Amino acid sequence: MGHKVQVYIYDLSQGLARSLGPAIIGRPLDGIWHTSVVVYGREYYFGGAGIESCSPGGTMLGQPLKVEELGDTEIPPEVFNEYLMTHSQDRFKGDKYDLMRHNCNIFSSETAMFLTGNGIPQYILDLPNEVLSTPLGQMLAPMLQQLTPQGESIPFTMGNALERTARPKPTR
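Undergrad: Describe the pairing of strand β3 (residues 42-47), naming the residues involved and giving the relevant values.
TA: Most of β3 sits inside the fold, with five of its six residues counted as buried. As paired elements, strand β2 (residues 33-39) and β3 share three bridges and run antiparallel to each other. Across the sheet, valine 39 pairs through a bridge with arginine 42, a residue of β3. Hairpin remark: β2 followed by β3, antiparallel, with two residues in the connecting loop; positive phi at tyrosine 40, about 55°. One ladder, built from five bridges, connects β3 with strand β4 (residues 50-54); its direction is antiparallel. Paired with phenylalanine 46 across the strands is isoleucine 51, a residue of β4. Between β3 and β4, which follow one another and run antiparallel, lie two residues.

Undergrad: Quick rundown of the packing of helix α2 (residues 77-88) against helix α3 (residues 104-116)? Include the residues and the values.
TA: Two numbers describe how α2 lies on α3: the axes approach to 12 Å, and their chain directions differ by 150°. By the angle between their axes, α2 is roughly antiparallel relative to α3. Crossing of α2 against α3: the hand is right-handed. Facing α2, whose interface residues are Val79, Phe80, Tyr83 and Leu84, α3 presents Phe107, Glu110, Thr111, Phe114 and Leu115. Classifying every residue of the contact of α2 with α3 gives seven nonpolar, one polar and one charged.

Undergrad: So what about the environment of valine 5? Which residues, and what values?
TA: The residue valine 5 is located in strand β1 (residues 3-11) in this model. Residue classification places valine 5 among the buried positions, given a relative accessible area of 0%. In this structure, the C-alpha to C-alpha distance between valine 5 and glutamate 68, residues 63 residues apart in sequence, is 8.8 Å. Those residues in contact with valine 5 that sit more than four places away from it in its chain are Val37, Val38, Val39, Glu68, Glu69, Leu70, Gly71, Thr73, Leu115 and Thr116.

Thresholds, definitions, all that
- Residue positions are given per chain, counting from 1 as you read along its sequence in written order.
- Where totals are concerned, whole chains, interfaces and linings use all residues; where local detail is concerned, this predicted model gives features only for residues with pLDDT of at least 70, and gives and counts side-chain atom pairs only at 80 or more.
- With hydrogens and water excluded, all non-hydrogen atoms of the structure serve as input to the side-chain values.
- Buried means the residue's accessible area, taken with a 1.4 Å probe over protein chains only, is under 20% of the maximum for its type, while exposed means over 50%, and partly exposed covers the values in between.
- The helix count covers DSSP runs of H or I at least four residues long, the strand count covers runs of E at least two residues long, and both are numbered beginning at the N terminus.
- Strands are labelled as partners when DSSP assigns at least two bridges between them.
- The axes are straight lines fitted to the C-alpha atoms, using for helices just the contacting stretch, and the angles between their N-to-C directions are given from 0 to 180°.
- By definition in this entry, angles of less than 35 degrees are roughly parallel, angles greater than 145 are roughly antiparallel, angles of 65 to 115 are roughly perpendicular, and the rest are oblique.
- The sense of a crossing depends on the near helix, which, turned anticlockwise from the far helix by less than a right angle, makes the crossing left-handed and, turned clockwise, makes it right-handed.
- Two residues form a contact once any of their heavy atoms are found within 4.5 Å.
- Each residue is assigned to one class: nonpolar for Ala, Val, Leu, Ile, Met, Phe, Trp, Tyr, Cys and Pro, charged for Asp, Glu, Lys and Arg, and polar for all the others, Gly among them.

Encoded structure:
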């Protein structure tokens, strides 16, 4: 029996992107996207603290703007947990987070592909390059990078960071 896999899509701008988009890239933006993958009754996402999880809809962002069904997975939870642990120590370690190039959406897409063979919607993955391809986007890029201090996710850390929980406890 398969397990349902969903992508939760949040708009970090809470609708402001529509009015700010024309000034940044010359057209309205539908949103500033944060995504997570929901499977096995948990929501998994990536930020400056690494891979984190919480109850679905349990981040400070509340309920997602949109939920998309990605299909079912036959991957056992134990195999998925090993996938997460491995990636939390390397590819998706907190210090590898980059707001524009290696973010929550990359994690969600790769994780969805691992689980179902389907990625997240392409328009979400394309947004950073769309912004960076504009003169103002290039000028703002260094400032945008400063919005995500190392060791902390964008303002919704409420979950358990695998990177923190995977560390062995010090012995006495």
